[in-house]
Amino acid sequence: MIVVAITGASGMIYGVRLLEVLQEMGKKTALVVTDPARIILKHELGFEEKNLKNLCYRYYQPNDFTSAINSGSCRFESMIIVPCTMKTISAISTGFADNAVTRAADVALKEGRKLLLVPRETPLRSVHLENMLHISQEGGIILPAMPAFYHQPEEINDLVNFLVGKILDILHIDHHLYRRWKEEIP
Ligand SMILES: Cc1cc2nc3c(=O)[nH]c(=O)nc-3n(C[C@H](O)[C@H](O)[C@H](O)COP(=O)(O)O)c2cc1C
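Presented here is an overview of the structure given in this document. It should be emphasised that the depicted structure is a prediction, and the values quoted were computed from it without experimental measurement. (Residues numbered from 1 in each chain as written. Predicted model: local features only at pLDDT ≥ 70, side-chain atom pairs only at ≥ 80, totals over all residues. Heavy atoms only, no water.)

Digging into the site of the ligand
Piece 1. Taken together, 13 residues sit near the ligand, with G8, T34, T85, T88 and R120 positioned nearest.
Piece 2. Between the ligand and the protein, one listed contact pairs an oxygen atom with a backbone N or O atom of S10 at 3.1 Å.
Piece 3. Take T88: an N or O atom from its side chain is 2.6 Å from an oxygen atom of the ligand.
Piece 4. When contributions to the shell around the ligand are tallied by element, the ones reaching two or more residues are helix 2 (35-45) and helix 3 (86-94).
Piece 5. For the shell around the ligand, the per-class residue count stands at four nonpolar, six polar and three charged. (Near = heavy atom within 4 Å. Polar contact = N/O pair within 3.5 Å; in protein donor to acceptor, adjacent residues only side chain to side chain. Helix = DSSP H or I, 4+ residues; strand = E, 2+ residues; numbered from the N terminus. Nonpolar A, V, L, I, M, F, W, Y, C, P; charged D, E, K, R; others polar.)

Take a look at the structure:
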């Protein structure tokens with residue numbers, strides 16, 4: 001099972017697209033959406049967080065630190081936080097595991113599982129950079145929401161698919177979400 005968390009940064013479309021793609025591929029996901037994310041989801045995409053329940057296998061409340069994914073005994077293989085706020089990054093960096101997202105991230109790091117964070121903030125303070133460096137040094141992967149342009153995107157979905165494709169690359173999941181550099185068109 002793959003844990004997906006959506007926190008209150010701009011870029012809700014990335015998290016939702018990842019859930020769609022993983023579901024289309026038949027992958028099982030456990031989803032947590034923080035309270036700030038619920039508000040931004042409504043603002044950016046115009047829908048309620050409850051609509052996301054159809055896109056996941058398990059759904060957990062952010063304040064439920066007793067949920068299965070919050071124990072090291074839960075054998076989820078990887079966790080992606082997309083988009084990921086600087087607040088959540090700060091909590092993960094310091095081990096301040098006070099909600100279901102930061103605790104599951106704590107579990108991923110302490111158990112040596114894949115933790116992938118997709119931060120969305122600009123510009124960055126020194127403390128933001130330090131927190132990301134700290135998580136990276138512990139084995140977490142920082143994959144900033146920075147779409148490329150060498151695949152010649154024509155619409156927003158091309159940029160979103162590029163980023164989701166990069167996430168799948170890290171997870172070693174095959175896909176055709178973006179055209180790789182020098183890749184032949186079939
Ligand atoms: C419209 C809006 C956009 C925001 N975008 C970002 C963002 O891109 N990155 C970020 O780190 N925080 C952003 N924030 C601030 C977070 O939502 C805030 O720090 C919140 O407490 C994060 O909590 P969470 O990490 O538990 O979701 C934004 C807030 C609002 C209202």
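Re the pairing of strand 1 (residues 2-6)
Piece 1. With five of five residues buried, strand 1 is to be regarded as a mostly interior element.
Piece 2. Neither face of strand 1 is left uncovered, since the one carrying I2, V4 and I6 and the one carrying V3 and A5 both have all their residues buried.
Piece 3. Two strands pair when backbone bridges link them, and strand 1 and strand 2 (residues 29-33) are joined in this way by five bridges, in the parallel orientation. By the bridge assignment for strand 2, A5 is matched with V32. (Buried < 20%, exposed > 50% of the residue type's maximum accessible area, 1.4 Å probe, protein only. Pairing = 2+ DSSP bridges.)

Some details on unusual backbone geometry
Piece 1. Cis peptide bonds are those with omega within 30 degrees of zero, and the linkage from V82 to P83 qualifies with -5°.
Piece 2. Examined against the element boundaries, P83 turns out to sit in strand 4 (residues 78-84).
Piece 3. Cis peptide bonds are those with omega within 30 degrees of zero, and the linkage from T122 to P123 qualifies with -10°.
Piece 4. Positioned with a positive phi, Q152 is a non-glycine residue whose angle comes to about 55°.

Digging into the nonpolar core
Piece 1. Core analysis: the largest hydrophobic core is formed by 32 residues, its most contacted members being L18, L31 and I167.
Piece 2. Among the elements of the structure, strand 1, helix 1 (12-24), strand 2, helix 2, strand 4, strand 5 (114-119) and helix 6 (156-170) are those that each provide at least two residues to this core.
Piece 3. For this core, the element with the most residues is helix 1, which contributes seven residues.
Piece 4. Those residues within four positions of L31 in sequence are excluded, and the remaining contacts are V4, I6, L19, L52, C56, R58, Y59 and Y60.
Piece 5. Counting 25 residues, the second-largest nonpolar core is a separate cluster that includes Y60, M79, M86 and L109. (Core = buried A, V, L, I, M, F, W, Y, C linked by side-chain atoms within 4.5 Å. Contact = heavy atoms within 4.5 Å.)

Overview of the sheet that holds strand 2
Piece 1. Ordered by their spatial adjacency, six strands build an open sheet running 3-2-1-4-5-6, and the pairing between neighbours is parallel. What marks the edges here is a single partner per strand, and that holds for strand 3 (58-60) and strand 6 (141-142).
Piece 2. Bridge count between strand 4 and strand 5: five bridges; the pairing is parallel. Across the sheet, I80 pairs through a bridge with L116, a residue of strand 5.
Piece 3. Here helix 4 (residues 100-110) sits on the sheet in contact with strand 1, strand 2, strand 4 and strand 5, set at roughly 135° to strand 4. (Axes fitted to C-alpha atoms, helices over the stretch in contact; angles between N-to-C directions.)

Details of the pairing of strand 4
Piece 1. A large share of strand 4 lies buried, amounting to seven of its seven residues.
Piece 2. The side-chain alternation of strand 4 yields two buried faces, one formed by S78, I80, V82 and C84 and the other by M79, I81 and P83.
Piece 3. Note that strand 1 and strand 4 share four bridges and pair parallel. Bridge assignment links V3 to a residue of strand 4, and that residue is M79.

Considering the packing of aromatic side chains
Piece 1. A complete count under the given rule lists three aromatic pairs for this structure.
Piece 2. Consider the rings of Y150 and F162, whose centres lie 5.9 Å apart with planes at 85°: the pair is edge-to-face. Highlighted residues: Y150 in the loop between strand 6 and helix 6 and F162 in helix 6, separated in sequence by twelve residues.
Piece 3. Judged by relative accessible area, which is 40%, Y150 ranks as partly exposed.
Piece 4. Residues F162 and Y178 carry aromatic rings whose centres are separated by 4.8 Å and whose planes lie at 55° to one another, so their mutual orientation is tilted. In this pair, F162 sits in helix 6 while Y178 sits in the segment after helix 6, placing the two residues 16 residues apart along the sequence. (Phe/Tyr/Trp six-rings, centres within 6.5 Å; stacked < 30°, edge-to-face > 60°.)

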